[in-house]
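# Tertiary structure, described
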Amino acid sequence: MSDGDIPNFDEDPTINTVSQLYQKQRPPFRGLETKAEMEGHFGGPVDYNPFGTNDLVQPCGVTDQIYYEFFVNYKLRPDINILIDLLKNHSVYGSPEISNELIRLLKKTRIKPISNKQMETEVVHQAVKEYFSLIDPKRGEVEAAYQDIVDKLEEDFEVTFTINNVRNIIKRARKNGWDGEFYRGLNINNRSSSDSA
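Every chain begins its residue count from 1, and numbering advances along the sequence as written. Only residues with pLDDT of 70 or above have their local features reported here, since the model is predicted, and side-chain atom pairs are shown and tallied only from 80 upward, although totals for entire chains, interfaces and linings are computed over all residues. As a rule here, side-chain values come from all non-hydrogen atoms in the structure, and water together with hydrogens is ignored.

## Considerations on the pattern of salt bridges
We count a salt bridge whenever a side-chain nitrogen from Lys or Arg sits within 4 Å of a carboxyl oxygen from Asp or Glu. In the structure shown here, the tally under the stated rule is five salt bridges. Here Asp136 makes a salt bridge to Lys138, at a shortest N to O gap of 3.4 Å. Working definition: with a 1.4 Å probe on protein chains only, accessible area under 20% of the residue-type maximum means buried, over 50% means exposed, and in between means partly exposed. Since its relative accessible area comes to 46%, Asp136 is described here as partly exposed. On the accessibility criterion, Lys138 (47% relative accessible area) is partly exposed.

Okay, structure coming up:
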């Protein structure tokens, strides 16, 4: 095993590069970037830089998994435990010490888990904005669009909604800076308890 407990592909080309971070020699230096300059920047004491001028490489599959966990699972349901699991499974810059410190700080924040009711409300609010964006009503067509949204919500979510509910959701979203474009990012943390439909 190489310095930093991160395998070195140049020493062992058989390492499983699909599932782990590894280090590899930097390709030939080009332009003004010389090996001496690189060593001047990155060749400090071993305590601070055990990799010398080697690059740390993260395979695309690992990056894709991390992005999926963050942008799909965490963004859909902001749960601090998802972030903690990400940090445990994928050390920041290959350093468990950095990840452990971030985990410690996250645990200190004591963020409350999101209730199912709050999550359901946010999903419905997002659906209202999505339907409104897809209809894109012109002046004079807004009330009819609200009714279409009510019908669609009752069909898709089996909830009882009124035009006033839809109007209030759109008005509140615009007041908070929404420009009418559809977006998927749930915004649970910035909602107040009065925002329920």
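The rest of the description comes next.
## Looking at the packing of helix 5 (residues 116-135) against helix 6 (residues 142-157)
The interhelical angle for the contact between helix 5 and helix 6, taken along N-to-C directions, is 135°, at an axis separation of 10 Å. As judged from the angle between their axes, helix 5 and helix 6 are oblique. Considering only the axes of helix 5 and helix 6, their crossing is right-handed. Residues Val123, Val124, Ala127, Val128, Tyr131, Phe132 and Ile135 of helix 5 lie in contact with helix 6, whose contacting residues are Ala145, Tyr146, Asp148, Ile149, Lys152, Leu153, Asp156 and Phe157. Tallied by class, residues from the contact of helix 5 with helix 6 come to twelve nonpolar, no polar and three charged. For helices, the fitted axis covers only the stretch in contact; all axes are lines through C-alpha atoms, and the angles between them, taken along N-to-C directions, range from 0 to 180 degrees. A run of DSSP states H or I qualifies as a helix once it reaches four residues; a run of E qualifies as a strand once it reaches two. Both are numbered from the N-terminal end. Any angle that falls under 35 degrees is termed roughly parallel, while one over 145 is termed roughly antiparallel, one within 65 to 115 roughly perpendicular, and all others oblique. Note: crossing handedness is left-handed where the near helix turns anticlockwise from the far helix by less than a right angle, and right-handed where it turns clockwise. Note on contacts: a residue pair qualifies if any of its non-hydrogen atoms lie within 4.5 Å across the two residues. Only Asp, Glu, Lys and Arg are considered charged in this grouping, and only Ala, Val, Leu, Ile, Met, Phe, Trp, Tyr, Cys and Pro are considered nonpolar; every other residue, Gly among them, is considered polar.

## Some remarks on the nonpolar core
We define a nonpolar core as any set of buried Ala, Val, Leu, Ile, Met, Phe, Trp, Tyr and Cys residues linked to one another through side-chain atoms lying within 4.5 Å. Counting 15 residues, the largest nonpolar core has Val128, Phe132, Ile149, Leu153, Phe161, Val166 and Ile170 as its most contacted members. Among the elements of the structure, helix 5, helix 6 and helix 7 (163-175) are those that each provide at least two residues to this core. Broken down by element, this core gets its largest block of residues, five residues, from helix 5. Apart from residues no more than four positions distant in its own chain, Leu153 is found in contact with Val124, Ala127, Val128, Tyr131, Glu158, Val159, Phe161 and Val166. Ranked by size, the runner-up nonpolar core spans eight residues in total, among them Ile82, Leu87, Ile103 and Leu106.

## A word on helix 6
Here helix 6 contains 16 residues, and its C-alpha end-to-end distance of 22 Å stays within 8% of the 22 Å for a straight helix at 1.5 Å per residue. Residues Ala145, Tyr146, Ile149, Val150 and Leu153 constitute the buried set of helix 6. In an axial view of helix 6, the angular spread of the buried residues amounts to 145°, which keeps them on one side of the axis. Against the buried residues of helix 6 lie helix 5 and helix 7. Multiplying 1.5 Å by the helix residue count minus one yields the expected span of that helix. Here, the arc refers to the directions that run from the helix axis to the C-beta atoms.

## Section: the packing of aromatic side chains
Classification of ring pairs rests on two measures: the distance between centres of Phe, Tyr or Trp rings, Trp counted by its six-membered ring, which must be within 6.5 Å, and the angle between planes, read as stacked under 30 degrees, edge-to-face over 60 and tilted in between. Going through the model one piece at a time under the given rule, you end up with six aromatic pairs. A centroid spacing of 5.6 Å and a plane angle of 65° characterise the contact between Tyr67 and Phe71, whose relative ring orientation is edge-to-face. Residue Tyr67 and its partner Phe71 are located together in helix 2 (residues 60-76), separated by four residues, close to a single helical turn. An angle of 20° between the planes, with centres 5.4 Å apart, marks the rings of Phe70 and Tyr74 as stacked. Here Phe70 pairs with Tyr74, and both are found in helix 2, just four residues apart, close to one helical turn. Of the residues examined, Tyr74 reaches a relative accessible area of 16% and is grouped as buried.

## Side note on a negative patch on the surface
Together, Asp148, Asp151, Glu154 and Glu155 give the surface a local cluster of negative charge. With respect to the helices, strands and loops of the structure, Glu154 is situated in helix 6. A patch consists of residues exposed above 30% relative accessible area that lack any salt bridge, with like charges linked at up to 9 Å and nonpolar side chains (Val, Leu, Ile, Met, Phe, Trp, Tyr) linked at up to 5 Å. Only the protein chains shown count as covering a residue, and every accessible area follows the Shrake-Rupley method with a 1.4 Å probe. Charged residues are defined here as Lys and Arg on the positive side and Asp and Glu on the negative side; His and the ends of the chain fall outside this count. Here the site of a charge means NZ on Lys, CZ on Arg, CG on Asp, or CD on Glu.

## Quick word on the confidence of the model for the chain
Of all residues in the chain, 74% attain a pLDDT of 70 or more, and the chain-wide mean is 76. The weakest mean pLDDT in the chain belongs to helix 1 (residues 35-42) at 59; the strongest belongs to helix 7 at 90. As a per-residue quantity, pLDDT reports the predictor's confidence and falls between 0 and 100. This model gives residues 184-197 a pLDDT under 50, and the stretch forms 29 contacts once residues within four places in sequence are excluded.

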